[in-house]
Amino acid sequence: NTTDGPNPIDKPSAGPGPAQLSPSLAALSLQSSTPEALRVVNLLQERNLLPPGPIPAPTPCLPQDLQKINCNPEVFRSTLTSIPQTQSLLNKAKLPLGLLLHPFKDLSQLPVVTSSTIVRCRSCRTYINPFVSFLDQRRWKCNLCYRVNDVPEEFMYNPVSRSYGEPHKRPEVQNATIEFIAPSEYMLRPPQPAVYLFVLDVSHNAVETGYLNMVCQSLLDNINALPGDSRTKIGFITFDSTIHFYNLQEGLSQPQMLIVSDIEDIFLPTPDSLLVNLSECKELVQDLLKSLPNLFEKTMETQSALGPALQAAFKLLSPTGGRMSVFQTQLPNLGVGALKSREDPNQRASAKDIQHLSPATDFYKKLALDCSGQQVAVDLFLLSAQYCDLASLGESWFQAGWVEWGQQREKRIEGHYYIVRIIPIPLFAGLSIHTFHGNFFVRSTDLLSLPNVNPDAGFAVQMSIEENLLDMQVVSFQAALLYTSSKGERRIRVHTMCLPVVNSLSDIFAGADVQAITGLLASMAVDRSVSASLSDARDAMTNAAIDSLASYRQSVLTIQQPGLLAPACLRLFPLYILALLKQKAFRTGTSTRLDDRVFAMCQLKYQPLAYLMLMIHPALYRVDDLTDEGALNINERTIPQPRVQQLSVEKLSREGAFLMDAGMVIYLWVGRNCNPNFLTQVLGVPNYTAVPQNLYLLPELDTAESQRTRAFIGWLRDQRPFFPTLHVIRDESQLKANFMQNMIEDRTESALSYYEFLLHLQQQISK
């Protein structure tokens, strides 16, 4: 992410900063600059609403000098890019106000500052940022609480230009996202080494799935790529009805297995030799990984003492903190945390309300809290086709850990190992945080605690306006992340966003960010499903569309006309709400495994908005006729840009091939009469019947068609920090049902078509 060198600052931005001036926004007329956002659209008449490519975040109506340095919306964005002056105005708009945060997005440009003084406001502890104002060279005014602060002597010197007396030109005041290398007062304890503990299910069921072989081989292949430094430690625990530890002490000729059969009272048999230095004991670790699959290949053990194994892992990791990767293939049925099946398969499709979305025991939640307190993160990999009660086990996904489900897929090993402390979100005077959404524990109203953060984690925050923002033209939001990099460096990453304050409903609607609103509502609906009921959550989502469009009709439209009317910026809102109602997390009437539903809920809560939107409304492209027309050119590669199609069977054709990007997974559906050229030049098969059933990889053929298709899929994959699997599907493939379930504009036995849903909304609005 950063470069090392004598210069303490990397990649500064040039040019004078707006922080010198306190810009007046009075001259800015919002109405004249946003006619398109408020263009009236009759949804019942305009059927082709989808833009041909990705939808950009709306640009806040700020003076250009402020907007130019505003935070990247992929990192920090608000559901409303114009903040209402009062809570009553917000209530009238019937739109949710909240922030979506992807704080650890891998950024191509990240200025890094090394400084012994990190300048913060004395009163509210806000980090100095581009939206503060300098009264003169020696004093700056905080943009969150308006306190006047002194400029420290060290801040007068600008290490980029090597000049003195221009504090407003320092990188901290030129960049809305910046990273500080932190001095010692930002540490609870000296930076810990990267510590990895693998907790592996070795019951009969686990061995049958073949996962043990795969995990051990994958670790062997990547052992040198594990992020960390010369201090990195590693350890292994395996479990069935007993817990097995592995002594990997330097000097042993082979790893020593130690079995603890008293799972009621777990202890560590040789506490000092179970977590070892990876570089010193690499050969023993490799021996263990080579022998583990053979060690258990004939096992008949069917029981699973997951709870005691997690207790043992926690004991082992709590002195240092670290990352616990847990692999589980069945319902834990022995010792603390044992669970019983709570799913009735006969009720999967017919039940109006879904039971058992909340945990059956608080054991896993308590353990997750203990782990969080000791900076231990838990990644849970569930590899099972049977019910595992993810609603209970998933309590450890509170942990900014991962929950992987069902399919075994390649995950690129992250370039960082994150031990993260807190994300404070200082808010503007008058704004307060209402609810946090995501995988973490809340320490105080504006602190989140995350033992580890991966670049894939997203968070959502609901807000309310407690004091009127009457004399303010802009408000600012700041999120700061204090973490230890895998190299043991303490760093602080700070994001600051500035938004205008408005006092008319039409300005609020003009600044609505339809994707951010959908993302926040998805998070709120997951909470509502667990705390109240699924039908409650579904009603709330439908009402969000009804209420906001009704408010727009009554309070913003000057001329009443027939139809279902929406401002252009919200034209996709009903489509996204319908997509949520048909999403695995919230759908009814379609057979859905309880674990699949809970997993979909987990993902809706922690995926950053860009991937979340693909899970809600996948992107469909026709790919049997890709051309270079309108293509992007990235790193000497030509990336075709086919247009996005509506999610309706009407758009499919037997003669074509269609690619569906659903975020975590990409489907390539090949029509029965597909263009023979595509079959030979891209799939490398002579005809349709020769398309293999389980094809996960396109052959690397030396044809223009193959290169275009692979370049397009590669480009889609490169935009996310995980690796979505590709499934090539034919008409008779099992996965065709998954592909078709994403055709959300079509009617199903249990759900309305998009047009019927629009009629339903219109009927409710005109009541």
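Just above, that's the structure.
The structure reproduced in this document is the subject of the present report. Just so we're clear, the structure is a prediction, and the values are computed from it rather than from any experiment.

All right, on to unusual backbone geometry then. At H356, a residue that is not glycine, the phi angle is positive and equals roughly 65°. The topology assignment puts H356 in the loop between β17 (322-328) and α8 (363-373). Classification of H356 by relative accessible area gives partly exposed; the value is 34%. The backbone of Q375 shows a phi angle near 60°, a positive value even though the residue is not glycine. When you line up the elements, Q375 lands in the loop between α8 and β18 (376-382). Classification of Q375 by relative accessible area gives buried; the value is 5%.

The topology assignment puts A338 in the loop between β17 and α8. A residue is classified by how much of its surface remains accessible, and A338, at 40% relative accessible area, is partly exposed. Spatially, the C-alpha atom of A338 lies 7.0 Å from that of G307, the residues being 31 residues apart in sequence. Excluding residues within four positions of it along the chain, A338 makes contact with P332 and N333.

Within the largest apolar cluster, 180 residues are counted, with the highest numbers of intra-cluster contacts made by I243, M324, F586, L659, L668, L683 and F739. Of all the elements, helix α12 (residues 534-556) adds the most residues to this core, at ten residues. Filtering out sequence-adjacent residues up to four positions away, L668 remains in contact with V623, A657, F658, L659, F678, L683, L698, L726, H727, V728 and I729. Of all hydrophobic cores here, the second largest spans 30 residues; its members include I223, L248, V276 and L383.

Strand order in the open sheet made by the three strands is β6-β7-β8, with antiparallel pairing throughout. The sheet is open, and its two edges are formed by β6 (133-136) and β8 (148-150), each paired on a single side. With direction set aside, neighbouring strand axes in the sheet form an average angle of 35°. Bridging between β6 and strand β7 (residues 139-141) involves three bridges; their strand directions are antiparallel. Among the inter-strand pairings, D136 is bridged to a residue of β7, identified as R139.

What counts, and at which threshold
- The numbers attached to residues start from 1 for each chain and follow its sequence in the written order.
- Whole-chain, interface and lining totals are the exception, using all residues; otherwise, since this is a predicted model, local features are given only for residues with pLDDT of at least 70 and side-chain atom pairs are given and counted only at 80 or more.
- Water and hydrogen atoms play no part in the side-chain values, which are based on all heavy atoms of the structure.
- Helix and strand labels come from DSSP, where a helix needs a run of H or I of at least four residues and a strand needs a run of E of at least two; each type is numbered from the N terminus.
- Think of it in three bands: residues with accessible area under 20% of the maximum for their type are buried, residues over 50% are exposed, and the middle band is partly exposed, with areas taken using a 1.4 Å probe on protein chains only.
- Residue contacts follow a heavy-atom distance rule, with two residues in contact if any of their heavy atoms lie within 4.5 Å.
- What makes a nonpolar core is a set of buried Ala, Val, Leu, Ile, Met, Phe, Trp, Tyr and Cys residues whose side-chain atoms join them at distances within 4.5 Å.
- Two strands pair under a simple rule: DSSP has to find at least two bridges between them.
- In this description, a line fitted to the C-alpha atoms serves as the axis of each element, helices being fitted only across the stretch in contact, and the angle between N-to-C directions of two axes falls anywhere from 0 to 180 degrees.

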